[in-house]
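# Close look at the chain arrangement
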Amino acid sequence: MSSAPNGLYQYPIVQAPMAGGGSCPPLAAAVSEASALGFLAGGYKTADGMYQEIKRLRGLTRRPFGVNLFMPQTAAVDPAAIEAYRGQLAGEASWYELSLADEDTAGTCDDGYEAKLAILVEDPVPVVSFTFGCPPAEVLATLRQAGTYTVITVTSVDEARAAQSAGADAVCVQGIEAGGHQGTHRDDPHTDGTAGVGLLALVGQVREGVALPIIAAGGIMRGSQIAAVLAAGAEAAQLGTAFLACPESGAHPLHKKALTDPLFAHTELTRAFSGRPARGLVNRFMREHGPYAPAAYPQVHHLTAGLRKAAAAAGDAQGMALWAGQGHRLARPLPAGQLVEVLAAELTETQGALRALQMRSAS
């Protein structure tokens, strides 16, 4: 990013913050040590859990890194819909010998946001990004005063404009191809199946809509694709699924294997595991329960947590949330530092080929 703080990274490659275990200190450290930008996921952790990961990461690298936070969820949720879905999952609970009655779905919806934010203000990190919304201007200003570079995940031009108005330093433009949760600022179930824009089209729209630097995310697995989004107007590319397969990744071994397993041929957006649209490999759980899952995040996430853990413990990938982007079949199980080097070499090669083509066309 040309307007990012000096020394943030050498290569325009950002490792996506993958909540739920994929992102971890060893992965972020390996990426940052390779002169890209590693990220920790603050989501689904306690404030102290996030702080301990930051401490561990600082012990592994002195290079810049980022931390991602989930914005609090405020939308009203129908308790009856959650209970109906609990009934829908009764067969799963019986299979894994669990009691879904023990799963509390009425807990906090803010993911410990205020406590995590207080830590990041008191003990600043180089970059903080936000997903599922945009913080108020005063929050972004406070982080800027602490020396932190702020990034807002956006999925539309309107969301990018809101981020710019609030004073964000950059936007992470997330295309519909991206794995994991769609970072929409407002979850509208009426748009399921119709909303979402492809990454290249969205980067172009946001580039003309705001003056902020753009990090492009969604289905990127090769250096040639990084070159494409840079040519479209992005300053950097964010890759999640590509790093999920790395040995340093905290993803479950079954999840890593599934990325290139012919049994899991494609991805879809689903509410089955969390109540919010998220892209993952299509498996039995998604097929059987996705059509009935309510728009209730994070309540459904808490409801299915025990089932997902039990499936992983049983070695049953058909019951796990196998988050993955549309480019998952291109995953390479390389060490993270080596993957950064390969991506950077592919990027350089593609950009060189494009320059040569332009010179030939001009002559």
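Heads up: the structure comes first, above all this text.
The notes below deal with the structure included here. (Residues numbered from 1 in each chain as written. Predicted model: local features only at pLDDT ≥ 70, side-chain atom pairs only at ≥ 80, totals over all residues. Heavy atoms only, no water.)

## Side note on the overall build of the chain
Definition in use: Helical segments are the DSSP runs of H or I of at least four residues, strand segments are the runs of E of at least two, and each set is numbered from the N terminus. C-alpha atoms define the radius of gyration, and 2.2 Å times the number of residues to the power 0.38 defines the globule rule. Any residue under 20% of the maximum accessible area for its type is buried, any over 50% is exposed, and the rest in between are partly exposed; the area is computed with a 1.4 Å probe on protein chains only. Every residue pair with non-hydrogen atoms within 4.5 Å of one another is taken to be in contact. Positive: Lys, Arg. Negative: Asp, Glu. His and the chain ends are not part of the count. Charge coordinates come from a single atom per side chain, which is NZ of Lys, CZ of Arg, CG of Asp or CD of Glu.
Helix and strand counts for the chain stand at 14 helices and 11 strands. Relative to its length of 363 residues, the chain is compact, with a C-alpha radius of gyration of 20 Å against a globular reference of 21 Å. The proportion of buried residues among the 363 residues of the chain is 55%. Within the chain, residue pairs in contact and separated by at least 24 positions form 68% of the contacts whose partners lie at least 6 positions apart. Placing the 26 positive and 33 negative side-chain charges of the chain at their respective mean positions leaves the two points 7 Å apart.

## Comments concerning the environment of Gln205
With respect to the secondary-structure elements, Gln205 resides in helix α8 (residues 199-209). For the pair formed by Gln205 and Val157, sequence separation is 48 residues and the distance between their alpha carbons is 6.6 Å.

## Section: the sheet that holds strand β7 (residues 180-181)
As a reminder, the rule being used: For two strands to pair, DSSP has to find at least two bridges joining them.
Across the sheet, which stays open at both edges, the 3 strands sit in the order β7-β11-β10 with antiparallel pairing between neighbours. If you trace the sheet from one side to the other, it starts and ends with β7 and β10 (267-270), each paired once. Two elements, β10 and strand β11 (residues 278-281), share 4 bridges in a ladder whose sense is antiparallel. In the strand pairing of β11, Thr267 is matched with Leu281.

## Description of the pattern of salt bridges
The condition is simple: Whenever Lys or Arg places a side-chain nitrogen within 4 Å of a carboxyl oxygen from Asp or Glu, that contact is recorded as a salt bridge.
Following the criterion strictly, the structure yields 13 salt bridges and no others. Its salt-bridge partner being Arg58, residue Asp123 comes within 2.9 Å of it at the nearest N-O pair. Taken together, the residues span a long stretch of sequence, with Asp123 in the loop between α5 (113-122) and β4 (127-131) and Arg58 in helix α2 (residues 47-60) at a distance of 65 residues. A residue is classified by how much of its surface remains accessible, and Asp123, at 27% relative accessible area, is partly exposed. Between Asp187 and Arg271 there is a salt bridge, and its shortest N-O distance comes to 2.8 Å. Taken as a pair, Asp187 in the loop between β7 and α8 and Arg271 in the loop between β10 and β11 lie far apart in primary sequence, 84 residues in all. Overall, Asp187 belongs to the partly exposed group, its relative accessible area being 24%. Several salt bridges share partner residues, and in doing so they unite Glu92, Arg284, Glu288 and Asp316 into one network.

Scope: geometric values only; no functional claims are made or implied.
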